[in-house]
Amino acid sequence: MLLSKYFHTYIFSCCRSFAYLTIRDRLPEILSKVVDTVHRHKNKFFQEHGQEGVEAEKRVISFLSKLRNELQTDKPVIPLTDGLPDSELWNQYLQQQKALLGRNERPSWFKSPWLYVECYMYRRIHEAVKQSALLVEFPWFQSKKQQLFFYVIICTTLKIIYLCNILCSIGFVIDAGKSPKIKELMPFITQISLWGNRCDLSISAGRDNSQKSSLLASLEGLKAFILVDDSKSVWSVLLESKKTKAEETSSTRVDIILDNAGFELVTDLVLADFLLASQLATEIHFHGKCMPWFVSDTTKEDFDWTLRVLQADNHFWMSNCGIKWEGLAKKGVWVYHEHSFWTLPHEFRDMAEVAPDLHAELQKSNLIFFKGDLNYRKLTGDRKWDLTTSFHQSLQGFHPAPLCSLRTLKADIQVGLQPGQGEQLTASDANWMTNGKYAIIQLSAST
Ligand SMILES: O=P(O)(O)OC[C@@]1(O)O[C@H](CO)[C@@H](O)[C@@H]1O
Ligand SMILES: [Mn+2]
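Throughout this description, residue numbers start from 1 for each chain and increase along the sequence as written. The order in which chains are written sets their letters, starting at A; the order in which ligands are written sets their numbers, starting at 1. Residues qualify for local features only when their pLDDT is at least 70, as the model is predicted, and side-chain atom pairs are given and counted only at 80 or more; totals for whole chains, interfaces and linings, by contrast, use all residues. Heavy atoms from the whole structure form the basis of all side-chain values; hydrogens and water molecules are not counted.

- Taking an unreviewed UniProt entry as the reference, the protein is identified by name as Sugar phosphate phosphatase belonging to Latimeria chalumnae.
- In UniProt, the protein has this text filed under Sequence similarities (unreviewed entry): "Belongs to the damage-control phosphatase family. Sugar phosphate phosphatase III subfamily." UniProt positions are given in the numbering used here, feature names are shortened, and annotations may be inferred rather than shown by experiment.

Quick look at the structure:
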C-alpha cells in the first residue's frame, strides 16, 4: 500500500512547497509584526505599569525574537513551559512526533508536519504573553482584525439580511421547505458566508486582505469558481431534520465553527440570522478560539466587539442587526462556545479521544458548518489525499453530525473532486489550490 501518499503535509518534502514557503517566509513576517506591535505600545505599558511594564515588554520582545530565531535556524521544537491547562497535551503531542521520527531524529521547525508547526508558533506567541501577568490583556492582532471590518461592504450585506427578514416577517416563511423565496435565498446566503472566507490575515502575513468590491455584485460571476457545490443537499439535511425533529422535539440546532473575525464573521452572523428567520433552525451555536490564532481567527472578544460596534453604529441597518443579534445572544438562541481543542495541533479525527466533551456537544447538532481553510486541513488531517478521495473517507471516522465545509482554497489539500477536474485546473491555473480564488461547499451527511 502506498502509505506515504496519505502522509501529513510535511514542510521539508519540497523546498518550493506551499508549506515550506509558509514556514520560511510568512511565519517570520507575522512574528516580526507582533514584535513591532508590542514595541509600538511601549509608552502605554509604561503609563499603565511604570518601569515594570517596560521590563515586561522587553522580556516579551526577547522571547519572540528568540522564537523567530529558532524558527529561521530550524531548531528543534521544544516543550511548552507555561503550565497552562493545554500545555501537557502539546508536550505529549511533541513526544508522539518524536516517536514517529525514530530515535536519532528530533522534530524541528522544518522537519515536522506543517499543521503542527504552524499551530505551535501561535501557541508559543501565547506563551510569550502569558509569561508576564502585566501584558496578558494585550490585543496582539486586535487592531488588524478590526480593520477587516470593512464598513461599506458590511453595510451592503446587512441591507440584504434586512430584506430577508422583511420577506420572512411578511409571511413568505410559513413552511421553509415549500417557500420558493427561501429556496432562492439559501444558495445566496451560503455563498456570502463562503466568500467571506477569502479575507484572512494569516495567508497575507497580516497585510490588509479585505473584500474591497461588492461581494453581492460578484456572486454570480464567482459561481464558476465553486469546485464542489453540495449546497442543495446541505439544505435538504436541515429540511429533513426539521420534519423529523418536529415530531420529537421542537428544536433544530446548527453549529458554526467560526474562522476569521471582521468581514467573514459578519457573513457568518448573516447566515445564522437567515437560518433562524427562515425557521430552518431554532438555535445557533458558535464556536470560537480561546486565544489569538492564525492572526485573524475569532475570539470571544471579537464576537462581542462586533455586536457592540454594530449596535452603536449610526446606520439603521447596522444598529438594527446589532440590537437584534445581541438580543438573540441574551435569550440563548445564539450560544457562543469556547474550547481549547480548537487551538491544539490535533486533527479532528482525534477529537473524540482528546476532547470527548466537545465531541459530545457537537453530536447534539443537526448540522455543523466548518468555516475556512484551517478547519478543512484539520478535517482531512492535512494529508496528501488523491483529489478524488471522498470527503467522507478523508474525515477518517470524524462524524459527530452531518457536516459541511465552507472554504476558499488556501492550502494544497483537496478531496472530493471529479476524475480529471484537478488536472484541468492545474492546466489552467497552476496555483489553484492556494491562491484563494476557488472554493468548496462540501457536505458529509452520512455516518
Ligand atoms: O483558516 P483560514 O483563515 O481560511 O486560512 C488560514 C490560512 O491562510 O493560514 C495558512 C497559511 O498560513 C493556510 O493554510 C490557511 O489558508
Ligand atoms: Mn483563519
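**Some words on helix α3 (residues 87–101)**
Part 1 of the argument: Across its 15 residues, α3 extends 21 Å between first and last C-alpha, which sits within 8% of the 21 Å expected from 1.5 Å per residue.
Part 2 of the argument: Along α3, the residues that are buried comprise S87, W90, N91, Y93, L94 and Q97. Burial along α3 is one-sided: seen end-on, the buried residues are contained in an arc of 155°. Exposed residues pointing more than 90 degrees away from the buried face of α3 are listed as A99 and L100.
Part 3 of the argument: In this structure, the buried residues of α3 make contact with α4 (114–130).
Part 4 of the argument: Remark: G102 follows α3 within two positions and exhibits a positive phi of approximately 100°. Secondary structure elements follow DSSP: runs of H or I of four or more residues count as helices, runs of E of two or more count as strands, with numbering from the N terminus. In this analysis, the expected span of each helix is defined as 1.5 Å times one less than the number of residues it contains. Residue burial is assigned from relative accessible area. The probe radius is 1.4 Å, only protein chains are included, and a residue is buried under 20% of its type maximum, exposed over 50%, and partly exposed in between. Here the arc refers to the directions that run from the helix axis out to each C-beta atom. Two residues qualify as a contact provided that any one of their heavy atoms is within 4.5 Å of a heavy atom in the partner residue.

**Observations regarding the coordination of the manganese ion (ligand 2)**
Part 1 of the argument: Around the manganese ion (ligand 2), the donor atoms from the protein are D259 (OD), N260 (OD1) and D297 (OD), and they sit 2.1 to 2.3 Å away.
Part 2 of the argument: Atoms of type N, O and S within 2.8 Å of a metal are treated as its donors, and for Na, K and Ca the window is 3.2 Å; water is not considered, so some sites may appear to be missing partners. Here the donor residues of the manganese ion (ligand 2) share one chain and are spaced in sequence as D-N-x36-D. With a gap of 38 residues between them, D259 in the loop between β2 (253–257) and α10 (263–277) and D297 in the loop between β3 (283–288) and α11 (300–312) connect regions that are remote in the sequence.

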